[in-house]
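Residue-level listing of the chains:
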Amino acid sequence: MLIVVVVMGILIAISAGAIGRQIARDRVMRSANVVQALVEEASQLAVRRNTPVNIELSGNALQIIDRDAPSGSDVIKQRSFGPENDLRATVAISPAAGITIFPNGRADAALQITVSGSGLTQVVSRTTTGIVRRQ
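Please read these numbers as outputs of a predicted model, since none were measured by experiment. (Residues numbered from 1 in each chain as written. Predicted model: local features only at pLDDT ≥ 70, side-chain atom pairs only at ≥ 80, totals over all residues. Heavy atoms only, no water.)

Colleague: Would you mind showing me how to read the side chain of Asp 66 here?
Modeller: Within the secondary structure layout, Asp 66 lies in strand 2 (residues 61–66). A polar side-chain atom of Asp 66 sits 3.2 Å from the main-chain amide nitrogen of Asp 68. With near-sequence residues (within four places) excluded, Asp 66 lies in contact with Arg 49, Thr 51, Pro 52, Asp 74 and Ile 76. (Helix = DSSP H or I, 4+ residues; strand = E, 2+ residues; numbered from the N terminus. Polar contact = N/O pair within 3.5 Å; in protein donor to acceptor, adjacent residues only side chain to side chain. Contact = heavy atoms within 4.5 Å.)

Printed below as a string of structure tokens:
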């Protein structure tokens, strides 16, 4: 009986590490899905509202901002990333100032958002013409 308990303990210890790594990878993949959906939503909002919107990174929050708002910083939608959130991934954006998406669906620059964590990196990119891809 003691041998069975020891063998079971070893198997549980081995599988716990693998399960932890898989959970961390799933968080990065889920974060990349959220980023991709947010970029696609920004394009749709610009067309529907018939006003330019910006995609910017403020601290650890990716934001969609109404560029023509009277205050100049009307946040339409925001999603936070980082270790204190359910999406435990870090996000970096290029160009650093973000981009503007116009009502015709075009943007002033191509966008690249890097989502990383636990040794895994996913890149979400948007061309100036509106094609969103994830690599």
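Colleague: Explain the pairing of strand 7 (residues 120–126) here, please?
Modeller: The side chains of a regular strand alternate between the sheet's two faces. Burial of strand 7 is extensive: six of the seven residues sit out of reach of the surface. Examined bridge by bridge, strand 6 (residues 111–117) and strand 7 share seven bridges and lie antiparallel to one another. By the bridge assignment, Leu 111 is partnered in strand 7 with Arg 126. From the end of strand 6 to the start of strand 7, which pair antiparallel, there are two residues, and Ser 118 there has a positive phi angle of about 55 degrees. Two successive antiparallel strands, strand 7 and strand 8 (residues 132–134), enclose a turn made up of five residues, where Gly 130 displays a positive phi of approximately 110 degrees. (Buried < 20%, exposed > 50% of the residue type's maximum accessible area, 1.4 Å probe, protein only. Pairing = 2+ DSSP bridges.)

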